[in-house]
Amino acid sequence: YISFEDPRLAGFGLGDFESLEEVFKKIYGDTNYYFFDEIQLIDKWEFYIRKLLDQNKFVVITGSNASLLSKELGTKLTGRNLRYELFPFSYIEFLSFLNKKEGIESFNEYLLHGGFPEFLLLKDPNILRNLVGDSLFRDIAIRHKIRNVKQLNELAIFLISNVSKEFSYNNLRKMFNFGSTNSVSKFIYFLEESYLLFSLPKFDYSLKKQVVNPKKIYAIDTGLVVHNSKTFTDDLGKLLENMVFIHLKSEQKDLFYFKEVKECDFLVRIGTKITEAYQVCYTLDEFNKDREIEGLIEALTKF
């Protein structure tokens, strides 16, 4: 086992895998099982992995970046890899991990604390703040050679503070003084690649319109939202919507939001057909009941 986040491995390159192999032999002797964490930090790592596979070794590679799930990986290790996408704990896993019973009290606790195991054990908000800071710096700024880290940080915190809300590249460009909308879309792509945030497109049969329409933003974890938002109020509605989004996403669903006369939070598409529609609200009362139900019915009727 080795983690490539170890600072002593700074400058490690493809040619160093041979030396690593010698160290492994000294420590473990002959082995058929290899575990590598954050291997995407090493350029051309797949050549070494392919060599191990050719020797009939078993290899597990893990990383916090979507590059490990990319189509590019599939072409480099075609037919020789199984991919698993891991999300923070679901509510059921949260209950099991903390030995709690299901109910409104534990559900609200899950809504506010999220599903990152280390935070659930230690309850230190700095764990979730450092997680965001480390991801922005290591997974994005260093990897993509971004000079204006302050701008990246401000954009990320703004989006985390506004989960479930619509955004447009143009509005964000003006707000954060980006040179172009292309720069904004690039930064948001990097944030998605690092698994901090996800954008949700508005459904349209026209792909061209789908690209230019405003999108919605969601975070990987509700606890991360609570402890990294600049202006967080106890908005349980937006946290619940975020939680439902992550649940659907963890099930590999192809997701959109719907907005015509009314609005519906989530549509699920299989192939070319919309097969499911979800409306999320924490409280249903006389003030929002008609709006929420009519939005759902409009989506159901259309599809």
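None of these values were measured; they are calculated from a predicted model.

About the criteria used
Residues numbered from 1 in each chain as written. Predicted model: local features only at pLDDT ≥ 70, side-chain atom pairs only at ≥ 80, totals over all residues. Heavy atoms only, no water. Helix = DSSP H or I, 4+ residues; strand = E, 2+ residues; numbered from the N terminus. Expected span 1.5 Å × (residues − 1). Buried < 20%, exposed > 50% of the residue type's maximum accessible area, 1.4 Å probe, protein only. Lys, Arg positive; Asp, Glu negative; His and termini not counted. Salt bridge = Lys/Arg side-chain N within 4 Å of Asp/Glu carboxyl O. Polar contact = N/O pair within 3.5 Å; in protein donor to acceptor, adjacent residues only side chain to side chain. Contact = heavy atoms within 4.5 Å. Axes fitted to C-alpha atoms, helices over the stretch in contact; angles between N-to-C directions. Parallel < 35°, antiparallel > 145°, perpendicular 65-115°, else oblique. Nonpolar A, V, L, I, M, F, W, Y, C, P; charged D, E, K, R; others polar. Pairing = 2+ DSSP bridges. Phe/Tyr/Trp six-rings, centres within 6.5 Å; stacked < 30°, edge-to-face > 60°. Lys NZ or Arg CZ within 6 Å of the ring centre and 35° of its normal. Disulfide = S-S within 2.5 Å. 1 Å grid on protein atoms, 1.4 Å probe; cavity = no way out; pocket = protein on both sides within 12 Å on 5 of 7 lines; lining within 4 Å. Points joined across faces, edges and corners; volume = space filled by probe spheres on them. Patch = residues over 30% accessible without salt bridge, like charges linked within 9 Å, V, L, I, M, F, W, Y side chains within 5 Å. Areas by Shrake-Rupley, 256 points an atom, 1.4 Å probe, with all protein chains shown as cover.

Q: Looking at this structure, I do not really get helix α7 (residues 125-142). What am I missing?
A: Helical periodicity: at 3.6 residues per turn, an α-helix aligns residues three or four positions apart in one direction. Between its first and last C-alpha atoms α7 spans 25 Å; for 18 residues at 1.5 Å apiece the expected length is 26 Å, and the two agree. All of the buried residues along α7 are Ile127, Leu128, Val132, Ser135, Leu136, Asp139, Ile140 and Ala141.

Q: How should I be thinking about the side chain of Lys202 in this particular structure?
A: Here Lys202 lies in the loop between β5 (197-200) and α11 (207-212). The charged side chain of Lys202 is buried without a salt bridge, its nearest counter-charge being Asp204 at 5.9 Å. Here the side chain of Lys202 touches Lys259 through a polar contact of 3.4 Å, landing on its backbone oxygen. Setting aside anything within four residues of it in sequence, one finds Lys202 in contact with Gln210, Asn213, Pro214, Phe256, Tyr257 and Lys259.

Q: So what exactly am I meant to see when it comes to the packing of helix α5 (residues 104-113) against helix α13 (residues 236-250) here?
A: In a pair of packed helices, the angle between the axes and the distance between the axes together describe the arrangement. Running from amino to carboxyl end, α5 crosses α13 at an angle of 85°, the nearest separation of the two axes being 10 Å. The angle between α5 and α13 falls in the class roughly perpendicular. Facing α5, whose interface residues are Phe107, Tyr110, Leu111 and Leu112, α13 presents Leu236, Leu239, Leu240 and Met243. By residue class, the composition of the contact of α5 with α13 is 8 nonpolar, no polar and no charged.

Q: Can you help me understand the sheet that holds strand β6 (residues 215-219) in this one?
A: Working definition: the strands of a sheet are paired by backbone hydrogen bonds and lie parallel or antiparallel to each other. One open sheet accounts for 3 strands, arranged β4-β6-β5; its pairing is antiparallel. Edge positions in the open sheet fall to β4 (166-167) and β5, since each of these has one partner strand only. The pairing of β4 with β6 spans 2 bridges and is classified as antiparallel. The residue of β6 that forms the bridge with Phe167 is Lys215.

Q: So what exactly am I meant to see when it comes to the packing of aromatic side chains here?
A: Ring pairs (aromatic) are described by centroid distance and by the angle formed between their planes. Enumeration over the complete set of coordinates arrives at 32 aromatic pairs. Relative to Phe303, the ring of Phe203 has its centre 5.3 Å away and its plane inclined at 85°; by these criteria the two rings are edge-to-face. On the criterion of sequence distance, the pair formed by Phe203 in the loop between β5 and α11 and Phe303 in the segment after α14 (289-302) is long-range, its members being 100 residues apart. Phe203 gets classed as buried once you look at its relative accessible area, which sits at 8%. The partly exposed category is assigned to Phe303, whose relative accessible area is 28%. Each member of the aromatic cluster is reached from another via a ring pair, and the members are Phe4, Phe12, Phe17, Phe24, Tyr28, Tyr34, Phe36 and Tyr48. Positioned above the aromatic ring of Tyr257 is the side chain of Lys216, whose terminal nitrogen or guanidinium carbon lies 5.1 Å from the ring centre.

Q: What's the story with unusual backbone geometry in this structure? I'm lost.
A: A negative phi angle characterises most non-glycine residues, just as the trans form characterises most peptide bonds. With a phi angle near 55°, Asn177 is a residue other than glycine that sits in the positive phi range. The topology assignment puts Asn177 in the loop between α9 (169-175) and α10 (181-193). Residue Asn177 is classed as exposed on the basis of its relative accessible area of 66%.

Q: Before we go on, may I ask you to explain the sheet that holds strand β3 (residues 58-62) in this structure?
A: The sheet built from 3 strands is open, its strands ordered β1-β2-β3 with parallel pairing. The two strands at the open ends of the sheet, each matched to only one other strand, are β1 (2-3) and β3. Sheet strands touched by helix α1 (residues 17-28): β1 and β2 (33-37). Its angle to β2, the strand with the most contacts, is close to 125°.

Q: How should the state of the cysteines be read in this particular structure?
A: Covalently bonding the sulfur atom of one cysteine to the sulfur atom of another cysteine gives a disulfide. Applying the stated criterion across every chain, the model contains 0 disulfides. Left unpaired, Cys264 is separated from the closest cysteine sulfur, that of Cys281, by 11 Å. Judged by its relative accessible area of 0%, Cys264 falls in the buried class.

Q: Is there a simple way to think about the layout of surface pockets in this case?
A: Over the atoms, a rolling probe the size of a water molecule traces out where space has been left empty. Approximately 1,400 Å³ is the volume found for the largest pocket. If you trace the largest pocket, you find 44 residues lining it, with Thr62, Gly63, Ser64, Tyr84 and Leu86 closest to the centre. Mapped onto the lining of the largest pocket, the elements with two or more residues apiece are α2 (45-54), β3, α6 (117-122) and α7. A per-element tally of the lining of the largest pocket places α7 first, with 6 residues. Here the residues of the lining of the largest pocket sort into 25 nonpolar, 8 polar and 11 charged.

Q: Can you help me understand a nonpolar patch on the surface in this one?
A: Taken together, Tyr1, Val23, Ile27, Tyr28, Tyr33, Phe35, Phe58 and Val60 make up a surface patch of nonpolar side chains, about 850 Å² in accessible area. For the nonpolar patch, the secondary-structure elements that each account for two or more residues are α1, β2 and β3. Here the element with the most residues in the nonpolar patch is α1; it accounts for 3 residues. Assignment of secondary structure puts Tyr33 in strand β2. What makes Tyr33 exposed here is its relative accessible area of 52%.

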